Amino acid sequence: MGLISDEYVRLLGAWPSPFVLRTRIALNLKRVPYEYLEEEDTLNSESVLNYNPVYKQIPILIHGNKPIRESLNIVMYVDETWLSGPPILPSDPFDRAVARFWDVYIDEHCFTSINGVAVAKNEEERKAAITKLEMCMALLEETFQECSKGRGFFGGDNIGFIDIGFGSMLGPLKVLEKFTSVKFIHPENTPGLFHWADRFYAHEAVKPVMPDIEKLVEFARLKFNTSIFK
């Protein structure tokens, strides 16, 4: 490729990954031009092994020749590096800490519960994971009401850090809803999240990069060899 400009931006990713989606949304919000490189076999990708030798995972943002790893870390880097577009993290230190707290919660509890439903070995395990996921949604409904302060997003008038963290999980949630017949985001149980999800999907930074649900369904059938996807 020759010499790489210090401002040239590349993103190593895979289309089904909610963590890659976070990075793409952040770059779109900040109107950052970038080259997207699809990595079909991340475990054996020379680029992934070269730029992330510790975890060997995507996403990897390469700014010039500097690799930035881990999705939330990348989103924060994008927010601090490019001042174009709206801020992703709040300026107030306490509000920033709150936003980071909830994104960690989403990864450690919501995403693990989504995965738990998908890989459950029996009905008992599946029901336990579904219950935990429903509890996550109830708590995030409360969080939305508190953080949005009556506005459209967790971040207020525009997409913020929590919106990106949780919004990236909407695709996997919709896939689970198709296979379990459980509505995790419901207009009666989680009205705030229900309308928020519509706004999130329609946002100009999100719509072009949100994976097609039917493609995600087929991907899940191939990836998870469990009865829920049969």
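In this text the structure is predicted, and so the values were computed from the model without any measurement.

### Here we look at the overall build of the protein chain
Counting its regular elements, the protein chain contains 9 helices and 4 strands. Ordered by position in the sequence, the α and β elements of the protein chain form the string β-α-β-α-β-β-α-α-α-α-α-α-α. For 230 residues, the compact-globule estimate of 2.2 N^0.38 gives 17 Å, and the protein chain sits close to it at 18 Å. Taken along the three principal axes of its C-alpha coordinates, the protein chain extends 55 × 40 × 30 Å. Buried positions account for 51% of the 230 residues belonging to the protein chain. Counting only carbon and sulfur atoms, one obtains 53% of the accessible surface of the protein chain, whose full area is about 11900 Å². Of the side-chain charges in the protein chain, 25 are positive and 32 negative, and the distance between the mean point of each set is 2 Å.

### Structural notes on the packing of helix 4 (residues 93-119) against helix 7 (residues 170-180)
Direction vectors running N to C along helix 4 and helix 7 enclose 35 degrees, while the axes themselves pass 11 Å from each other. Two packed elements cross with a definite hand, and for helix 4 against helix 7 that hand is left-handed. For the pair helix 4 and helix 7, contact is made by Ile 114, Val 117 and Ala 118 and by Pro 172, Leu 173, Leu 176 and Thr 180, respectively. Residue classes in the contact of helix 4 with helix 7 are distributed as 6 nonpolar, 1 polar and no charged.

### As for empty space enclosed by the protein
Considering all chains together, one arrives at 1 cavity of 30 Å³ or more under this definition. The volume enclosed by the largest cavity comes to roughly 30 Å³. Lining the largest cavity are Pro 16, Pro 18, Leu 21, Ser 168, Gly 171, Pro 172, Met 210, Pro 211 and Leu 216. Where the lining of the largest cavity is concerned, the elements lending two or more residues are helix 1 (18-29) and helix 7.

### Remarks on the pairing of strand 1 (residues 9-13)
Strand 1 sits mainly inside the fold: 5 of its 5 residues count as buried. Covered by surrounding structure in strand 1 are Val 9, Leu 11 and Gly 13 together with Arg 10 and Leu 12, the residues of both alternating faces. Inspection of the sheet shows strand 1 paired to strand 3 (residues 60-63) by 4 bridges, in the antiparallel sense. Across the sheet, residue Arg 10 finds its bridge partner in strand 3, namely Ile 62. The pairing of strand 1 with strand 2 (residues 35-38) spans 4 bridges and is parallel. Looking across to strand 2, one finds that Gly 13 is bridged to Glu 38. Taken together, strand 1, helix 1 and strand 2 constitute a β-α-β crossover, and its handedness is right-handed.

### Topic: the layout of surface pockets
Approximately 880 Å³ is the volume found for the largest pocket. Forming the walls of the largest pocket are 33 residues, and the residues nearest its centre are Pro 16, Ser 17, Pro 18, Phe 19 and Lys 223. Counting only elements with at least two residues in the lining of the largest pocket, the list comes to helix 1, helix 3 (71-81), helix 4, helix 7 and helix 9 (213-223). Along the lines of polarity and charge, the residues of the lining of the largest pocket split into 20 nonpolar, 6 polar and 7 charged.

### Here we look at helix 4
Taking 1.5 Å as the rise per residue, helix 4 with 27 residues should run 39 Å; its terminal C-alpha atoms sit 38 Å apart, in good agreement. Of all the bends in helix 4, the largest measures some 35 degrees and sits at Ile 106. All buried positions along helix 4 are accounted for by Ala 99, Trp 102, Asp 103, Tyr 105, Ile 106, Asp 107, Cys 110, Ser 113, Ile 114, Val 117 and Ala 118. For helix 4, the capping residue at the N-terminal end is Asp 92, with a side-chain oxygen 3.0 Å from the backbone nitrogen of Phe 94.

Criteria and cut-off values
Residues numbered from 1 in each chain as written. Predicted model: local features only at pLDDT ≥ 70, side-chain atom pairs only at ≥ 80, totals over all residues. Heavy atoms only, no water. Helix = DSSP H or I, 4+ residues; strand = E, 2+ residues; numbered from the N terminus. Rg over C-alpha atoms; globule rule 2.2 N^0.38 Å. Buried < 20%, exposed > 50% of the residue type's maximum accessible area, 1.4 Å probe, protein only. Areas by Shrake-Rupley, 256 points an atom, 1.4 Å probe, with all protein chains shown as cover. Lys, Arg positive; Asp, Glu negative; His and termini not counted. Charge placed at Lys NZ, Arg CZ, Asp CG, Glu CD. Axes fitted to C-alpha atoms, helices over the stretch in contact; angles between N-to-C directions. Left-handed = near helix turned anticlockwise from the far one by under 90°. Contact = heavy atoms within 4.5 Å. Nonpolar A, V, L, I, M, F, W, Y, C, P; charged D, E, K, R; others polar. 1 Å grid on protein atoms, 1.4 Å probe; cavity = no way out; pocket = protein on both sides within 12 Å on 5 of 7 lines; lining within 4 Å. Points joined across faces, edges and corners; volume = space filled by probe spheres on them. Pairing = 2+ DSSP bridges. Right-handed = clockwise from strand over helix to strand, strands pointing away. Expected span 1.5 Å × (residues − 1). Bend = angle between axes of the 7 residues up to and from the residue. Polar contact = N/O pair within 3.5 Å; in protein donor to acceptor, adjacent residues only side chain to side chain.

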